[in-house]
Amino acid sequence: MFQVRPLLSALVYHRRTLHGKGGLYKFFCMMSEGSTQQQTAKLLKRANEDSAERLQATKRIKADGEYTEDDKKYPKKKVVLLLVYSGKGYYGMQRNPGNSQFRTIEDDLVNALIKSGCIPENHGDDMKKMSFQRCARTDKGVSAAGQVVSLKVRLIEDINEKINEHLPPQIRVLGLKRVTQGFNSKNNCDARTYSYMLPTVAFSQKDYDTGNIPAFRLEPETLQRVNRLFDLYKGTHNFHNFTSQKAANDPSARRYITEMSCGEPFIRSNYEFAVITVRGQSFMLHQIRKMIGLVIAVIRGFAKEEVMERSWGQEKVDVPKAPGLGLVLERVHFDRYNKRFGGDGLHERLDWDREEESIKGFKEAHIYPSIVETECQEGSMVSWMATLPIHDFEATASETRDSKDQKQDNANEGNDSD
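As the structure is a computational prediction, the values presented were derived from the model and not from experiment.

### Examining the overall build of the chain
- In terms of helices and strands, the chain carries 12 helices and 10 strands.
- By the burial criterion, 44% of the 418 residues in the chain qualify as buried.
- Total accessible area computed for the chain in this model is approximately 22400 Å², and 50% of it derives from carbon and sulfur atoms.

Structural data, given as structure tokens:
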């Protein structure tokens, strides 16, 4: 009761003030003026923000070299390119800015993308501007029959043909597909399949006369033993001994292998060859070549079979690295992406069945002849086989050899594939 009366008195006084002479008018004027000032302030603030955004947009447009007629006619879209190439004469896949004397596959690819009008010229200096990513960084001399890169391009007419016009014959774009805006060819790749073509004399006994290579033929029993050893690689193992600069306790050295086997031999240029196939989630630098090198050392009699189990342990083991010639990136797999987006009616599945004949044709015309001719002329496998006796498979790897490997691989440090 006593608290209500003061409130009622104040309310009555306030109403009298408003209904007095000019009171109500003044009250609404004050309210109106305050509201107008707030609205004006908001409008000015919004105008300043819009102006700043337009200025930033203008700067971005000028910096990116955009706002051209080509961009209006052909807006950039996210795509993947199916790339095939023979790696002979190239220092791997990835570009090395500032090292123009070491030509890479990406050097020629980016040059072709610019000349064909697929990307602005200044995108060649900064590949992040086109969101470029490759599935695998193939090493020096390594070829590919199924490399996939993702990037943003202008979808010009006859785009594959126009890109290929500016590429050398040993590099071809065989396919293009639209993908989701956030697609990344490296991160979205579930697995990679490589092949390794080698003369079967690599599986000869250590007392075999390598001067008579054309006469060598791989015995079925030896092939069975080779495949039994390759079977040991399947599953998850610690492959720290199969690359450089990886400690035994580094989690990234654990890799999952789903398939590894050697196929039936065949004759090329009077030499008997065979193809080894290996599939895994991902591979470290030189991992595949060392996996093959260790099996060759065991088959030839320079190392005992137990060295393979020991190589996955904590100690450092001297693992020989087979030559790079013969290694081919065969295929990259996008199973999870295909399951999620392949059937949504908007995106294509990332498989290349329609391009299979073109891939085979390219391999027969460029990749296989290059491997066979180089092997016959230079004898890289036989030369490497002569180095096997200097490896000590019984003891841990010497500091000298380990340091030598690190120096040899220094230029490729950070490369996360073979």
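### Structural notes on the pattern of salt bridges
- Enumeration over the complete set of coordinates arrives at 18 salt bridges.
- For the salt bridge of Arg310 with Glu315, the shortest nitrogen-to-oxygen distance reads 3.1 Å.
- One salt-bridge network, in which partners are shared between bridges, spans Lys177, Arg349 and Asp351.

### Let's talk about the pairing of strand β1 (residues 76-85)
- Along β1, eight of the 10 residues are buried, which leaves the element largely enclosed by surrounding structure.
- The sheet contact formed by β1 and strand β3 (residues 143-154) spans nine bridges and is antiparallel. Following the sheet pairing, Val80 is matched in β3 by Ser150.
- Pairing of β1 with strand β4 (residues 171-178), which is carried by seven bridges, proceeds in the antiparallel orientation. Bridge pairing in β4 places Val79 opposite Arg178.

### Some remarks on the environment of Ile292
- Here Ile292 is to be found in helix α7 (residues 287-300).
- You can call Ile292 buried: its relative accessible area is 1%.
- Along the chain, Ile292 and Ala322 lie 30 residues apart, while their C-alpha atoms are 6.5 Å from each other.

### Considering the side chain of Thr243
- Among the secondary structure elements, Thr243 is positioned in the loop between β6 (235-238) and β7 (254-262).
- Within the local environment of Thr243, its side chain forms a polar contact with the backbone oxygen of Leu285, the two atoms lying 2.8 Å apart.
- Dropping the residues within four chain positions of it, Thr243 is found in contact with Met284, Leu285, Lys290 and Lys316.

### A few points about the nonpolar core
- Core analysis: the biggest nonpolar cluster contains 101 residues, and Leu151, Phe203, Tyr233, Ile276, Ile296 and Phe334 have the highest contact counts within it.
- Counting residues per element, this core draws most heavily on α7, at nine residues.

### A word on helix α6 (residues 220-231)
- An ideal rise of 1.5 Å per residue puts 16 Å on 12 residues; α6 measures up with 17 Å between its terminal C-alpha atoms.
- If you check which residues of α6 are buried, you get Leu223, Val226, Asn227, Leu229 and Phe230. Along the long axis of α6, the arc covered by the buried residues comes to 155°, so they all point the same way. With respect to the buried face of α6, the exposed residues turned more than 90 degrees away are Glu221 and Gln224.

### Digging into unusual backbone geometry
- Even without a glycine there, the phi angle at Ser131 is positive, about 55°.
- The phi dihedral of Asp158 is positive, around 50°, even though this residue is not glycine.
- Here Asp158 is to be found in the loop between β3 and α5 (159-165).
- Residue class for Asp158 comes out exposed when judged on its relative accessible area of 52%.

### Some words on the state of the cysteines
- This model, assessed by the stated rule, comprises zero disulfides.
- Here Cys189 stays free of any disulfide, with the sulfur of Cys135 as its closest cysteine sulfur at 4.3 Å.

### Comments concerning the pairing of strand β10 (residues 327-333)
- When you tally the buried positions in β10, you get six out of seven residues, the bulk of the element.
- The sheet contact formed by strand β5 (residues 191-199) and β10 spans six bridges and is antiparallel. For Thr193, the partnering residue across the bridge sits in β10 and is Arg331.

The rules we used
- Residues numbered from 1 in each chain as written.
- Predicted model: local features only at pLDDT ≥ 70, side-chain atom pairs only at ≥ 80, totals over all residues.
- Heavy atoms only, no water.
- Helix = DSSP H or I, 4+ residues; strand = E, 2+ residues; numbered from the N terminus.
- Buried < 20%, exposed > 50% of the residue type's maximum accessible area, 1.4 Å probe, protein only.
- Areas by Shrake-Rupley, 256 points an atom, 1.4 Å probe, with all protein chains shown as cover.
- Salt bridge = Lys/Arg side-chain N within 4 Å of Asp/Glu carboxyl O.
- Pairing = 2+ DSSP bridges.
- Polar contact = N/O pair within 3.5 Å; in protein donor to acceptor, adjacent residues only side chain to side chain.
- Contact = heavy atoms within 4.5 Å.
- Core = buried A, V, L, I, M, F, W, Y, C linked by side-chain atoms within 4.5 Å.
- Expected span 1.5 Å × (residues − 1).
- Arc of directions from axis to C-beta.
- Disulfide = S-S within 2.5 Å.

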